[in-house]
Amino acid sequence: MERASDKTSGPLRARTPLPGTGRARRPLRRTALALVAVLVTLATGTGVRPAVAASQPVPTTAEQERGMRAGAPLRDPVDADAPDRHVVRITLDAHRTRFDISGREVDGQSYDGRYIGPTLRLEPGTSVVIRLVNHLTVATNLHVHGMHVSPAGEADDPFRCVPAGSTATYLLRIPRDQQQGTYWYHSHAMGKTCPFRSAGGPDMASPMVGDVENQIFAGLSGAIVVGDDRSLLPAPLRHVTAHTLVLKDMQIDWKGHIVQNTATTAINSDSPTVRLVDGQLRPVLSMRPDETQLWRLVNAGADIFYQLQLDGYRFTVVGEDGAPVARVTVTTNLLMPPGKRFDVLVTACPRPGRAWLRTLAYTTGPQGDSYPQARLLLLDVHGPRAAELPTVTGRIPTAASDLSRARIARHRTVVLSESADGNTFYINGREFSGDDPSVFATPARLGTVEEWTVVNASREIHPFHLHVSYFQVMSVNGRPQPYTHVQDIVPIPYTVHGRPGVVVVRIAFTDFTGRYLFHCHIAAHEDNGMMSFVYVVR
């Protein structure tokens, strides 16, 4: 058995952290203003950083919600129009949009005129043709997060660049064994122009900055439901009501625009924000007493976490990150970093009443964000009692196999770190740019299982995400983890008293060759360097 700890290829490229801008904010967050100043300096060749106007503070949450009306009945996101069952054809039109957010008009971007993109309902073993029309003024592209499809060609290639004013076609061939569950799609634009390349030449210090944060934050994301995982449940539960609950936040400036990273403004994930469910402010979801429903929960936002609690209730987890679980668990809280999904069963209390789905106060670490608690959705239980349904335990059919006894072909180490000012992010000491090689000198091979040790050397949580394949978490900070599920996002604990957070995962590489991207799924962090890929070959 080979036990090679892979080294990075070539010398590490040290870059000087971007200078500060004097903005009144916590120093440990990225700032687009500093980047703009550097780029303008390089473009003008003056060697003097020009004055950049300070960004106005974001209004308070209450001020941003002014004009919105809470309490409307929940409306699930609309389904994309795709009448052909075997060859699904969908058009997504990325364009600037003026939304109606619970009665308040807000300017952003959309795929179909709504803040939450249409839900793509797909089936294992089918082909999907997506026509992406770019009516933005910058480049964009599309990523189907969590889907086990090719990362090359016209499929799910995150390096693909769709210029402003152009149209591209994506062809996804979904495997017959694609897990039935909840996924999502979003822009993965690794720059504003085509091709996605470094903003500076080889001797320049300025890195490429991606546009993922801007575009997701403005509205370019939505849910994917593959198959119907209710079909995997015991027979009495296969026809329960299902809801797709897309969690997403927006920051609205004084002019009614969703905040963007520009020459004079910057998204700060620690600023006041409005948290929405399916694009609505605190909607009402109705259930009958004793009724059981399946809730498909998706964090489709750019940067922030949710620590979910339904007051007085428990969640029965039957799927995570699109994959049916190997052991059903019951919990009162769900931690959802950006990109996370859970499929959960919720059973209403036997008597009429109300309860809030809320996100609890949560901090991502001394170098990260601190979020206040917020109410998200009101559960209203009323009407005649429903028939009680059986509880679900054990393994959900089609759950992935345990990798605990797998032969390990290679061991690798991934170190996540950031500059002291919190503006620049690294993997194995490298700040990613679109034309960079992998941090690994040796490719992975199809049909093998690797064990990766993911180390967080910073003082904030980084949600680690891998494209194309799931992974199994083996241990967290040295504590072995019993096998309950596979996943495609895991929060890596931050450094405490000089001891980095460490998560060990195992990855089975199957079916597809190409570049498997991995990165922090806080969009600001991946945009500013915390990203790389592993080549997978035959």
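Here's what I pulled together on the structure shown here.

Digging into the overall build of the protein chain
Part 1 of the argument: When its secondary structure is counted, the protein chain shows four helices and 32 strands.
Part 2 of the argument: Burial analysis of the protein chain (538 residues in total) assigns 60% to the buried set.
Part 3 of the argument: Summed over its atoms, the accessible surface of the protein chain is roughly 20,800 Å², and 52% of this surface lies on carbon and sulfur atoms.

What to know about the sheet that holds strand β12 (residues 292-299)
Think of a sheet as strands paired side by side through backbone hydrogen bonds, with each pair either parallel or antiparallel.
Part 1 of the argument: As summarised here, the arrangement of the six strands in space is β10-β9-β12-β17-β14-β15, forming an open sheet in which the pairing is mixed. Looking at strand neighbours, the two that pair on one side only are β10 (274-277) and β15 (323-331), the edges of this open sheet. Along the sheet, successive strands turn relative to each other by an average axial angle of 25°, direction set aside.
Part 2 of the argument: In the sheet, strand β14 (residues 315-320) pairs with β15 via five bridges, with the strands oriented antiparallel. Following the sheet pairing, Phe 315 is matched in β15 by Thr 331.

Let's talk about the state of the cysteines
Part 1 of the argument: In this structure the tally under the stated criterion is one disulfide.
Part 2 of the argument: Covalent S-S linkage joins Cys 161 and Cys 194, the inter-sulfur distance amounting to 2.0 Å. On the sign convention where negative means left-handed, the S-S torsion of about -95° between Cys 161 and Cys 194 marks this disulfide as left-handed. In this pair, Cys 161 is assigned in the loop between β5 (143-145) and β6 (167-173) and Cys 194 in the loop between β7 (181-186) and α3 (212-218), connecting sequence segments 33 residues apart.

Concerning the layout of surface pockets
Gaps left between atoms are located by rolling a probe of water-molecule size over the structure's atoms.
Part 1 of the argument: Of the pockets and cavities examined, the largest pocket occupies roughly 750 Å³.
Part 2 of the argument: Around the largest pocket, the lining is made up of 30 residues, and of these Glu 320, Gln 481, His 485, Gln 487 and Val 490 lie nearest the centre.
Part 3 of the argument: Looking at the lining of the largest pocket, the elements that each hand over two or more residues are β14, β15, β16 (334-336), β27 (471-476) and β29 (489-492).
Part 4 of the argument: Split by residue class, the lining of the largest pocket holds 17 nonpolar, nine polar and four charged.

Structural notes on the packing of aromatic side chains
Part 1 of the argument: With the rule as written, the count across this model stands at twelve aromatic pairs.
Part 2 of the argument: For the ring pair Phe 99 and Tyr 115, a centre distance of 5.4 Å and an interplane angle of 75° mean the geometry is edge-to-face. In this pair, Phe 99 is assigned in strand β1 (residues 87-101) and Tyr 115 in the loop between β2 (104-110) and β3 (117-122), connecting sequence segments 16 residues apart.
Part 3 of the argument: On the accessibility criterion, Phe 99 (2% relative accessible area) is buried.
Part 4 of the argument: Members of the aromatic cluster, joined through ring pairs, are Phe 440, Trp 452, Phe 464, Phe 471 and Phe 518.
Part 5 of the argument: Over the face of the ring belonging to Phe 440 we find Arg 412, whose NZ or CZ atom lies 4.7 Å from the ring centre.

Thoughts on unusual backbone geometry
Part 1 of the argument: With omega at -5°, the peptide bond leading from Cys 194 into Pro 195 counts as cis.
Part 2 of the argument: Its location among the elements puts Pro 195 in the loop between β7 and α3.
Part 3 of the argument: Even without glycine at this site, Asp 278 takes up a positive phi of about 55°.
Part 4 of the argument: Topologically, Asp 278 is positioned in the loop between β10 and β11 (284-287).
Part 5 of the argument: Of the residues examined, Asp 278 reaches a relative accessible area of 9% and is grouped as buried.

Digging into the pairing of β3
Part 1 of the argument: In terms of burial, β3 is largely enclosed, as five of its six residues are buried.
Part 2 of the argument: Alignment of β3 against strand β8 (residues 221-226), held across four bridges, turns out to be parallel. Within β8, the residue paired with Arg 121 across the bridge is Val 225.

So, the sheet that holds β8
Part 1 of the argument: Read across the sheet, four strands follow the order β3-β8-β7-β5 without closing on themselves; strand pairing throughout is mixed. Each edge of the open sheet is held by one strand with a lone partner, namely β3 and β5. In this sheet, neighbouring strand axes are inclined to one another by 25° on average, regardless of whether the strands run parallel or antiparallel.

Some words on the environment of Arg 288
Part 1 of the argument: Here Arg 288 shows up in the loop between β11 and β12.
Part 2 of the argument: Expressed as a C-alpha distance, the spacing of Arg 288 and Ala 386, which sit 98 residues apart in the sequence, is 6.1 Å.
Part 3 of the argument: In this view, Arg 288 contacts Ala 348, Val 381, His 382, Pro 384, Arg 385 and Ala 386; residues no more than four positions away in its chain are not counted.
Part 4 of the argument: Within polar-contact distance, the side chain of Arg 288 engages the backbone oxygen of Arg 385 at 3.1 Å.

Here we look at the side chain of Glu 291
Part 1 of the argument: Relative to the elements of secondary structure, Glu 291 occurs in the loop between β11 and β12.
Part 2 of the argument: Although Glu 291 is buried, it makes no salt bridge; Arg 288 carries the closest opposite charge, 5.5 Å away.
Part 3 of the argument: Reaching out from Glu 291, the side chain makes a polar contact with the side chain of Gln 293 at a distance of 3.2 Å.

Section: the side chain of Ser 102
Part 1 of the argument: Inspection of the secondary structure assignment puts Ser 102 in the loop between β1 and β2.
Part 2 of the argument: The exposure class assigned to Ser 102 is buried, which follows from its relative accessible area of 17%.
Part 3 of the argument: Of note is the side chain of Ser 102, whose polar atom sits 2.9 Å from the backbone nitrogen of Leu 281.
Part 4 of the argument: Ignoring any residue separated from it by four or fewer positions in sequence, one finds Ser 102 in contact with Gly 67, Met 68, Arg 69, Gly 279, Gln 280 and Leu 281.

The rules behind each value
- Residues numbered from 1 in each chain as written.
- Predicted model: local features only at pLDDT ≥ 70, side-chain atom pairs only at ≥ 80, totals over all residues.
- Heavy atoms only, no water.
- Helix = DSSP H or I, 4+ residues; strand = E, 2+ residues; numbered from the N terminus.
- Buried < 20%, exposed > 50% of the residue type's maximum accessible area, 1.4 Å probe, protein only.
- Areas by Shrake-Rupley, 256 points an atom, 1.4 Å probe, with all protein chains shown as cover.
- Pairing = 2+ DSSP bridges.
- Axes fitted to C-alpha atoms, helices over the stretch in contact; angles between N-to-C directions.
- Disulfide = S-S within 2.5 Å.
- 1 Å grid on protein atoms, 1.4 Å probe; cavity = no way out; pocket = protein on both sides within 12 Å on 5 of 7 lines; lining within 4 Å.
- Points joined across faces, edges and corners; volume = space filled by probe spheres on them.
- Nonpolar A, V, L, I, M, F, W, Y, C, P; charged D, E, K, R; others polar.
- Phe/Tyr/Trp six-rings, centres within 6.5 Å; stacked < 30°, edge-to-face > 60°.
- Lys NZ or Arg CZ within 6 Å of the ring centre and 35° of its normal.
- Contact = heavy atoms within 4.5 Å.
- Polar contact = N/O pair within 3.5 Å; in protein donor to acceptor, adjacent residues only side chain to side chain.
- Lys, Arg positive; Asp, Glu negative; His and termini not counted.
- Salt bridge = Lys/Arg side-chain N within 4 Å of Asp/Glu carboxyl O.

Interpretation in functional terms is not warranted from these geometric data alone.
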